[in-house]
Amino acid sequence: MRLARPCAAALLGLATLLATSALARDDGRYATSPLKPWFESLHSEYGQCCSDADGYVVADVDWESDRGRYRVQLDGEWVIVPDGAVITEPNKIGRTMVWKHYIDGHPHVRCFMPGSMT
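Residues numbered from 1 in each chain as written. Predicted model: local features only at pLDDT ≥ 70, side-chain atom pairs only at ≥ 80, totals over all residues. Heavy atoms only, no water.

Side note on the overall build of the protein chain
Check the secondary structure of the protein chain and you find two helices and eight strands. Its helices and strands in sequence order give the protein chain the pattern α-α-β-β-β-β-β-β-β-β, from N to C terminus. For the protein chain, buried positions account for 27% of its 118 residues. When contacts within the protein chain are restricted to residue pairs at least 6 apart in sequence, long-range pairs at least 24 apart make up 57% of them. (Helix = DSSP H or I, 4+ residues; strand = E, 2+ residues; numbered from the N terminus. Buried < 20%, exposed > 50% of the residue type's maximum accessible area, 1.4 Å probe, protein only. Contact = heavy atoms within 4.5 Å.)

Some remarks on the pairing of strand S8 (residues 106-113)
The element S8 is largely enclosed, with a buried count of six among its eight residues. Across seven bridges, the pairing between strand S7 (residues 97-103) and S8 is antiparallel. Bridge pairing links Tyr102 to Pro107 in S8. Hairpin geometry of S7 and S8 is characterised by an intervening segment of two residues between the two adjacent antiparallel strands and by a positive phi of about 50° at Asp104. (Pairing = 2+ DSSP bridges.)

Notes on the sheet that holds strand S4 (residues 63-66)
Across the sheet, three strands lie side by side as S4-S5-S6; this open sheet has antiparallel pairing. The open sheet has two edge strands, S4 and strand S6 (77-81), and neither has a second partner. Sheet twist, expressed as the mean angle between neighbouring strand axes with direction ignored, is 25°. (Axes fitted to C-alpha atoms, helices over the stretch in contact; angles between N-to-C directions.)

A short note on the environment of Val109
In this structure, Val109 sits in strand S8. The sequence separation of Val109 and Leu74 amounts to 35 residues, and the corresponding C-alpha distance is 9.0 Å. Residue contacts for Val109: discarding those within four places in its chain leaves Val72, Leu74, Val79, Val81, Pro82, Ala85, Val98, Trp99 and His101.

Quick look at the nonpolar core
Formed by Val58, Trp63, Tyr70, Val72, Leu74, Val79, Val81, Ala85, Val86, Val98, Val109 and Phe112, the largest nonpolar core amounts to twelve residues. Contributions of two or more residues to this core are made by strand S5 (69-74), S6 and S8. Here this core gets three residues from one element, more than from any other, and that element is S5. Those residues in contact with Val72, other than ones at most four positions away along the chain, are Val58, Asp62, Trp63, Glu77, Trp78, Val79, Val81, Val98, Val109 and Phe112. (Core = buried A, V, L, I, M, F, W, Y, C linked by side-chain atoms within 4.5 Å.)

Structure (structure tokens):
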């Protein structure tokens with residue numbers, strides 16, 4: 001029993017460290033990109049989208065538009081994109097991107113930038 005508490009505390013600390021480092025995606029690889037300021041300026045009604053390092057490229061088969069509304073597949077779930085999450089300025093990279101967050105373990109869209117379906 002005396003050994004169980006220190007081991008449990010060590011495991012909890014290790015799990016916290018791994019989870020925190022897994023969430024941090026900005027490792028500096030886009031620091032010199034000419035598009036970095038543009039990515040950092042992107043925002044929706046839900047706030048700043050952050051940067052290219054925080055967004056995910058979405059394949060054409062994983063998003064669709066129906067009567068002006070978007071849906072995107074995130075982590076195996078089809079998620080309706082709220083109108084306020086859609087970035088309306090011109091897409092300088094041409095690829096569809098999504099910035100997501102989680103509520104109760106399910107993905108939600110913070111920002112969505114449609115690309116050109118090719």
